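# Topology and contacts: notes
Each chain, written out:
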Amino acid sequence: MSKQAATASQEVTEEQRKALLAEMLQRPAHEAVRLLENKPADFIVKLLLELNPGTVQELLQEFSKKQLEQILNAAPPEVSKQWLYNQTYPEGSIGRLMEPVLAVFSPKLSVAETISKLHHLIKTAFITYGYVTDDAGRLLGIVTMRDLLFADKSQCLEEVMLADVFFLKPEMPLADAMKLAVNRHYPAYPVCDDQGRLVGLVRGQVMFQVEAFEISAQPGSMVGVEKEVRLATPWGRSLKFRHPWLQFNLLTAFLAAAVVGAFQGTIDKLVILALFLPVLAGQSGNTGCQALAVTLRGLTLGELKRGKEKVLVMKEAWLGLLNGSFVGLTAGLGMYITAKLQANPAALMLGFVVFLAMVASCVASGISGAMIPITLKRLGFDPATASSIFLTTATDVTSMGLFLWLATILVRT
């Protein structure tokens, strides 16, 4: 084969590799692994090294025992060791996102010797900081490239290192780590165990990538779409994930329908009430969604501190009262005008009923929007899990039930 032909072949292979990598990222882990079934172990290792460590852990769990052993043997020793170590920590923790620390130095090492070692390391790895540890592996400090550049070559690292280093713990949940790191913006963070031993490092970019994915999955979780469902997910698997929640949503819709059915006699006498049922449901539902969005954001960013839940619920109830009063006036006026055009003698009372129902519904919706995610979190569930379905049920039942009940007791027919 000519040199030109060989180069063309390598370019095609590189294009195929990039295409395969892109397709893997669009699929859930168990489906991505199927794309690698007949690929050599060294090729798989190269692909895995381009992914963030959290994704790598998801993929490693899906390989067969035989293929996993081949992959670990083909990977650099420090990488395979780190991959296995990361598996000892739960999903969603910093421990799952760790990379091996390669630039580890003794405090007595000179600046000149450190630079010499770095010259070799940077040929095969991306080095951001140098980490100084004692004989037991405990982190003593870090060395930046700037410090090495301007320090006297004969100085020891313990003289130029930055002591009292900020570090993360491997068992720490990602959300908690993000709260600590959000104002620091370091490119990489050392990870130490309870004894202060350096066990890995996690890159800021990786943390934000994983957290961004979790946040992007929240809207789907709110309506029963699992985070595993993506654009490339086959329709059969999408149906499996999404259909059960639709059945559950239908069950809750029947509950709202039952409430309306309980006032069938009132609706038969005052058909005009049916015109404003979707108005009440829509306005109270939107009020609840606003409260839900604010609460979820507060839980995600750690702004909602323990013991402050009552303050939040009271605030959302107050906002519901104010918003309900303003929109209730408009909706009540709309009902009054509509009833007058139909020559209904109870036009004024119908407008008043709409106003009262709107105020009460918006208050209840604000409280529900705040309470549902807080309650789900206290029960140990993801606060976003199907929260929209629960909220819709609560707002529909409350708004339509209150509206029809008030009409029953206040409007004389």
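Described below are features of the structure shown in this document. All values derive from a computational prediction rather than experimental measurement.

### Quick look at the pattern of salt bridges
This structure, assessed with the given rule, holds ten salt bridges. In this structure, K108 engages E158 in a salt bridge whose closest nitrogen and oxygen atoms are separated by 2.8 Å. Here K108, found in the loop between β1 (104-105) and α7 (111-121), pairs with E158, found in helix α9 (residues 157-160); they are 50 residues apart in sequence, far enough to count as distant. Judged by its relative accessible area of 56%, K108 falls in the exposed class. Given a relative accessible area of 36%, E158 falls into the partly exposed group. The residue K169 makes a salt bridge to D194 at a minimum N-O spacing of 3.5 Å. Taken together, the positions of K169 in the loop between α9 and α10 (174-181) and D194 in the loop between β4 (188-192) and β5 (198-203) put the pair 25 residues apart, joining distant regions of the chain. Taking relative accessible area as the criterion, K169 reaches 31% and is therefore assigned partly exposed. Through salt bridges with shared partners, one network takes in E23, R27 and E31.

### Examining the sheet that holds strand β2 (residues 129-133)
Ordered by their spatial adjacency, three strands build an open sheet running β1-β2-β3, and the pairing between neighbours is mixed. Looking at strand neighbours, the two that pair on one side only are β1 and β3 (139-144), the edges of this open sheet. Across two bridges, the pairing between β1 and β2 is parallel. Directly across from F105, in β2, lies its bridge partner V132.

### Focus on the packing of helix α3 (residues 41-48) against helix α5 (residues 65-74)
The N-to-C vectors of α3 and α5 enclose an angle of 70 degrees; their axes lie 8 Å apart at closest approach. The angle between α3 and α5 falls in the class roughly perpendicular. Every residue of α5 that contacts α3 at A41, D42, I44, V45 and L48 is listed here: Q67, Q70, I71 and A74. Class assignment of the residues belonging to the contact of α3 with α5 gives a composition of six nonpolar, two polar and one charged.

### A closer look at the nonpolar core
Of all hydrophobic cores here, the largest spans 28 residues; its most connected members are L273, L280, M335, L350, V354, F403 and L404. The set of elements that each furnish at least two residues to this core consists of α12 (235-262), α14 (273-301), α15 (309-341), α16 (347-378) and α17 (387-410). When neighbours within four sequence positions are excluded, M335 is seen to be in contact with I272, L273, F276, L350, G351, V354 and F403. In this structure, A32, V45, L48 and V79 belong to the second largest nonpolar core, which totals 22 residues.

Cut-offs and rules
- Residues numbered from 1 in each chain as written.
- Predicted model: local features only at pLDDT ≥ 70, side-chain atom pairs only at ≥ 80, totals over all residues.
- Heavy atoms only, no water.
- Salt bridge = Lys/Arg side-chain N within 4 Å of Asp/Glu carboxyl O.
- Helix = DSSP H or I, 4+ residues; strand = E, 2+ residues; numbered from the N terminus.
- Buried < 20%, exposed > 50% of the residue type's maximum accessible area, 1.4 Å probe, protein only.
- Pairing = 2+ DSSP bridges.
- Axes fitted to C-alpha atoms, helices over the stretch in contact; angles between N-to-C directions.
- Parallel < 35°, antiparallel > 145°, perpendicular 65-115°, else oblique.
- Contact = heavy atoms within 4.5 Å.
- Nonpolar A, V, L, I, M, F, W, Y, C, P; charged D, E, K, R; others polar.
- Core = buried A, V, L, I, M, F, W, Y, C linked by side-chain atoms within 4.5 Å.

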